[in-house]
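Now for the letters of each chain:
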Amino acid sequence: MTPTPPSPGTPIPSSGSPPIPTAPPAPRVPPAPSVGRARRTRSGVVGLYRVLRANPLSFIGFIVVTFIAILALFVVFAPHLVAHYGAQQETGVYNSGPTLFQWPPSLAHPFGTDGASYDIFSEVMLALPTDLGIGFAIAGFALIVGGGLGLVAGFWDKPGSLSGYTSSFIMRVTDVFLAFPSLVLALALVASIGKGTIQAMIAIMLTWWPYYVRLVRGEVLAVKHLPYVTAARAAGVRETKILTRHVLRNVLEPVIVYFTLDIGTVLVIFSTISFVGVGVPYPSNAPEWGSMMSFYQENYPFQIYWWAITFPALAIFVTVLSFSLLGDGLRDVLDPRSRRALAESGAHEPPPEANVGEPPVLPVPAMTAAPSNVGVDVGGVP
Amino acid sequence: MTEPVLKVENLSVDYDVGAGVFHAASNVSFTLPPGRVVGIVGETGCGKSTLGQAIPRLLPEPPAVIRSGKIIFQGTDLVPVPKNKLPMVRGTSIGMIFQEPLNSLNPAFRVYDQIAESIQIRHWREIGDLPMFQPGPTPFDYSHRELPKAEQVLTKPFLPGEKVQEAARHRLVSRDDYKREVLDYLRLVRINDPETILHLYPHELSGGMRQRIMIAMTLSQKPTLLIADEPTSALDVTIQAQVLTLMKELIEEVHASILFISHDLGVVAEMADDLGVMYAGALVEIGPIAEVFKSPRHPYTKALLRAIPSQYKTDGPLASIPGNVPNLSRLPSGCSFHPRCPLAQAICRADPPPALPDTPHAAACHFSDQVASLP
């Protein structure tokens, strides 16, 4: 009983079933251009474009977000192209109430000016990077901290062991935080650690991560018992790698979508805190939409000076809306199923030819017993 | 003679859930010699899959608990192995094909990435970057080498000897190296046009193709022992025939030791050398397949064989076994088959049947000799 096994690494198929002598040699078809390569590039930038284009609303969101991001870069690196700060400033006196220097929107000042003759368009533009940065920082912190805790709590939750206690502890702390309305908790935190931009950010960060813990843990719990995770485990993949490669990749999709939507929510929350007057002080060198609204609402009656408060509010509205629309479309981009379908749907190309190269070795012998008119497909061979 | 690849001794697995303790496997013992295919058959819920997953310790513990017994894989008991050492055993030593090909591939990765991951694990173990359980460049070849004792290997990370490293000296470094290997294994499982399949996602493949990818993934690790847990149950008959033909050819080509779990006696008859029959968590009969089919020694096996519909039967009801499979948390007293057994006597209700005798063809029944002689 010494069957000679094939040496490893060599292609085994040819040794198994000898080619059927009666079969005529398959006609040599010149190999078609590699289909796989074309497919692979298509899921890049072009694929992203096609997927987004299939969903017009999210495509609008994508364009607006891109535009906002470019605008923010301009404000940071070339502010004088976008805003003229202080150009109209003559007195430098704030909080002085309405003066004769307020103008409704005009060509020179598209959003009008305020009592100190500040150009509101410039102020809104200058606030853009601040607001975006704050939104990303808070949501990003929550994503990393909350998401990490959620991964750990969901993946290692064997009851009765150390990991189980850790998981329970994380979840109970999360529950405590979730039991408070986060806005009220954030306000209370700001009240205790003091007013200011950084303080407000810390307060929201501390109240924001529990949502991610809950979301990620739920997703991990759903994914970790799926057969492909067991299959990876059976293949000898280590637990940490199963978590970071197999589970994380499948959890990512809803989390990224939630994150994108959340940036808008965080902006609103932060603006609310500023509006109440404990966030970014206004006027300041780095204005913020919420504090602008707060300031104008206090000092300029909306019935007369409607432009002062409308445009910062519109800025928040447009930013939040565009992020929400983008988040909706990202779901399609991140899911391989819909991505491939949508990326292919827009392509006006002839269908790829079958790549008929070498005649494959087939498990024919067992099937030859079937009557010839039954047309059993044994693997795609004529 | 040669040491068995796998020896299961008195294995008992329970599921300890709120509703009670389910004895999914009780006192299962069998031996898998190198190069043989052992088939395990039984009704739904009789503990076949539990047994298959318990061997590489894949069952989630808890709720599953290995109450007693030994799983001796190449001379090493796997039951006391700590959890963080288990990945060493899985994959390159014990490979597994699952019963749900539709869900057993990660939907987020392309076919290439899935197979390349398996190849990478095997390769890293061969060249010594990862510890492995059983060193050897040709794990299928049992006849030329002595199987190493692996107990030390499991207790501390093991670097394979010079011989192994030399055999694997051609490091797979570039993507092309991996691609070549992946293509080899795709061709091995008779995938048509593997160059294209490489870049597809699992949802773009048919069920039979996914199962073949699954088989390619498992084989690419060159496992010493292959556990096939109903590899064809989710497929339709045409695809089932393809996959079985493929597996049969692969068995002949690679001469692997396989534990083949199925509920289909016809499939097992096609594939296996030995046949084990499970009922209510216990292995009631085991023996060379021809003997088991010809002269079953357990009434359950006899009834099962009688229940196979014969091809030309046109009238009357099909034969069946009366009654139901007992609840695994409340097994009947004595022999668990006695409520459905036509031959049950008083002793069957009172005493559990004797343990499987140490003969090639054994059955756990008080009257196994009489059953064999019945028509």
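Per chain, residue numbering runs from 1 following the sequence as it is written. For this description, chains carry letters from A and ligands carry numbers from 1, given in the order in which they are written. Totals for whole chains, interfaces and linings use every residue, but because this is a predicted model, local features are given only for residues with pLDDT of at least 70 and side-chain atom pairs only at 80 or more, for both listing and counting.

Helix and strand counts for chain A come out as 14 helices and zero strands. The helix and strand sequence of chain A, counted from the amino end, reads α-α-α-α-α-α-α-α-α-α-α-α-α-α. By residue count, 37% of the 382 residues in chain A fall in the buried class. The helix and strand labels rest on DSSP assignments: H or I over at least four residues marks a helix, E over at least two residues marks a strand, and numbering proceeds from the N terminus. Put plainly, a residue is buried at 20 or more neighbouring C-beta atoms within 10 Å of its own, exposed at 12 or fewer, and partly exposed in between, counting only other residues' C-beta atoms, which are placed from the backbone.

Our next topic: the overall build of chain B. The secondary structure content of chain B amounts to 14 helices and eleven strands. Burial status across chain B gives 53% buried among its 375 residues. In chain B, once contacts between residues fewer than 6 apart in sequence are set aside, the share between residues at least 24 apart is 70%. Contact between two residues is assigned when their C-beta atoms, built from the backbone, lie within 7 Å.

So, about the sheet that holds strand E5 (residues 76–77) of chain B. All names here are of chain B. Taken together, the four strands give an open sheet; going across it, the order is E2-E1-E4-E5, and neighbouring strands pair in antiparallel fashion. Every other strand in the sheet has two partners, leaving strand E2 (20–32) and E5 as the edge strands with one partner each. Strands qualify as paired when DSSP identifies two bridges or more between them. Two elements, strand E1 (residues 6–17) and strand E4 (residues 64–73), share eight bridges in a ladder whose sense is antiparallel. Directly across from Val8, in E4, lies its bridge partner Ile71.

All names here are of chain B. Most of strand E7 (residues 225–229) sits out of view: five of its five residues are buried. Residues of E7 alternate between two faces, with Leu225, Ile227 and Asp229 on one and Leu226 and Ala228 on the opposite face, all of them buried. When strand E6 (residues 94–97) meets E7, the two strands line up parallel, connected through four bridges. Looking across to E7, one finds that Ile94 is bridged to Leu225. Here E7 pairs with strand E8 (residues 257–261) via five bridges, running parallel.

All names here are of chain B. Start and end points for every domain follow an automatic or database-based domain assignment. When cut into domains, chain B gives domain 1 (6–272) and domain 2 (289–311 + 318–373). The interface of domain 1 with domain 2 comprises 13 residues on the first partner and nine residues on the second. Listing elements by their share of the side of domain 1 that touches domain 2, those giving two or more residues are E2 and helix H10 (265–271). Take the side of domain 1 that touches domain 2: its biggest share by element is six residues, from E2.

It is worth spelling out helix H8 (residues 207–219) of chain B at this point. All names here are of chain B. In a helix, the anticipated span is given by 1.5 Å times the number of residues less one. Between its first and last C-alpha atoms H8 spans 18 Å; for 13 residues at 1.5 Å apiece the expected length is 18 Å, and the two agree. Of all 13 residues in H8, twelve are buried, a share of seventy percent or more. Within H8, the full set of buried residues consists of Gly208, Met209, Arg210, Gln211, Arg212, Ile213, Met214, Ile215, Ala216, Met217, Thr218 and Leu219.

All names here are of chain B. Taken together, seven strands build an open sheet; the order of strands is E6-E7-E8-E3-E9-E10-E11 and the sheet is mixed. Either end of the sheet is taken by a strand with one partner, and the two such strands are E6 and strand E11 (362–363). Axis definition: a line fitted to C-alpha atoms, limited for helices to the stretch in contact. Angles are taken between N-to-C directions and run from 0 to 180 degrees. Running at roughly 180° to E6, H8 makes contact with E6 and E7 of the sheet. Sheet strands touched by helix H12 (residues 299–306): strand E9 (274–279) and strand E10 (282–288). Its angle to E9, the strand with the most contacts, is close to 105°.

This paragraph deals with the pairing of E4(B). Residue and element names in this part refer to chain B. Note: E4 against E5, two bridges, orientation antiparallel. For Phe73, the partnering residue across the bridge sits in E5 and is Thr76. Hairpin connection, E4 to E5: the antiparallel pair is bridged by two residues, and Gln74 has positive phi, about 50°.

One finds A:Ile204, B:Ala216 and B:Phe260 to be the most contacted residues of the largest nonpolar core, which totals 185 residues. Here this core gets 17 residues from one element, more than from any other, and that element is helix H6 (residues 120–155) of chain A. Residues from two domains meet in this core; each of domain 1 (6–272) and domain 2 (289–311 + 318–373) of chain B gives at least three. Linking buried Ala, Val, Leu, Ile, Met, Phe, Trp, Tyr and Cys residues through C-beta atoms within 7 Å yields a set, and such a set is a nonpolar core.

All names here are of chain A. Residue-level confidence of the predictor is summarised by pLDDT, bounded by 0 at the bottom and 100 at the top. In this model, chain A carries a mean pLDDT of 74, and residues with pLDDT of at least 70 account for 69%. Here helix H1 (residues 13–16) is the element of chain A with the lowest mean pLDDT, 41, and helix H9 (residues 197–223) is the one with the highest, 92. A low-confidence stretch, residues 1–42 stays under pLDDT 50, and its non-local contacts, those more than four residues away or across chains, total 52 contacts. Here residues 362–382 is a poorly scored stretch, pLDDT under 50, and it has 28 contacts once near neighbours within four places are set aside; other chains count.

Here we come to the packing of helix H11 (residues 239–276) of chain A against helix H13 (residues 306–334) of chain A. All names here are of chain A. Relative orientation of the contacting elements H11 and H13 amounts to 175°, with a least axis distance of 8 Å. In terms of orientation, H11 lies roughly antiparallel with respect to H13. Facing Leu252, Glu253, Ile256, Val257, Thr260, Leu261, Ile263, Gly264, Leu267, Val268 and Ser271 of H11, the residues of H13 in contact are Ile316, Thr319, Val320, Phe323, Ser324, Leu326, Gly327, Leu330, Arg331 and Leu334. Here the residues of the contact of H11 with H13 sort into 13 nonpolar, six polar and two charged. In these notes the angle categories are as follows: under 35 degrees is roughly parallel, over 145 is roughly antiparallel, 65 to 115 is roughly perpendicular, and the rest is oblique. Think of it as three bins: nonpolar holds Ala, Val, Leu, Ile, Met, Phe, Trp, Tyr, Cys and Pro, charged holds Asp, Glu, Lys and Arg, and polar takes everything else, Gly as well.

All names here are of chain B. Within the fold, Phe337 resides in the loop between H12 and helix H13 (346–350). Phe337 sits in the buried class, given 26 other C-beta atoms within 10 Å. Phe337 sits 222 residues away from Ile115 along the chain, and the two C-alpha atoms are 44 Å apart. Residues within four places of Phe337 in sequence aside, it is in contact with Tyr279, Pro299 and Tyr300.

As a further point, take the packing of H6(A) against helix H7 (residues 162–179) of chain A. All names here are of chain A. The N-to-C vectors of H6 and H7 enclose an angle of 135°; their axes lie 8 Å apart at closest approach. As the angle between them shows, H6 and H7 are arranged oblique. Seen along the crossing, H6 lies across H7 with a hand that is left-handed. Where H6 approaches H7, its residues Leu149, Val152 and Ala153 are matched on the opposing element by Ser167, Ile170 and Met171. Of the residues contributing to the contact of H6 with H7, the split by class is five nonpolar, one polar and no charged. Note: crossing handedness is left-handed where the near helix turns anticlockwise from the far helix by less than a right angle, and right-handed where it turns clockwise.

We now examine unusual backbone geometry. Residues and elements named next belong to chain B. Even without being a glycine, Asp193 presents a positive backbone phi close to 55°. With respect to the element layout, Asp193 can be found in the loop between helix H6 (175–188) and helix H7 (194–197). One non-glycine residue, Ala280, lies in the positive phi region at around 50°. With respect to the element layout, Ala280 can be found in the loop between E9 and E10. Look at Ala280 and you get buried, because 24 C-beta atoms sit within 10 Å.

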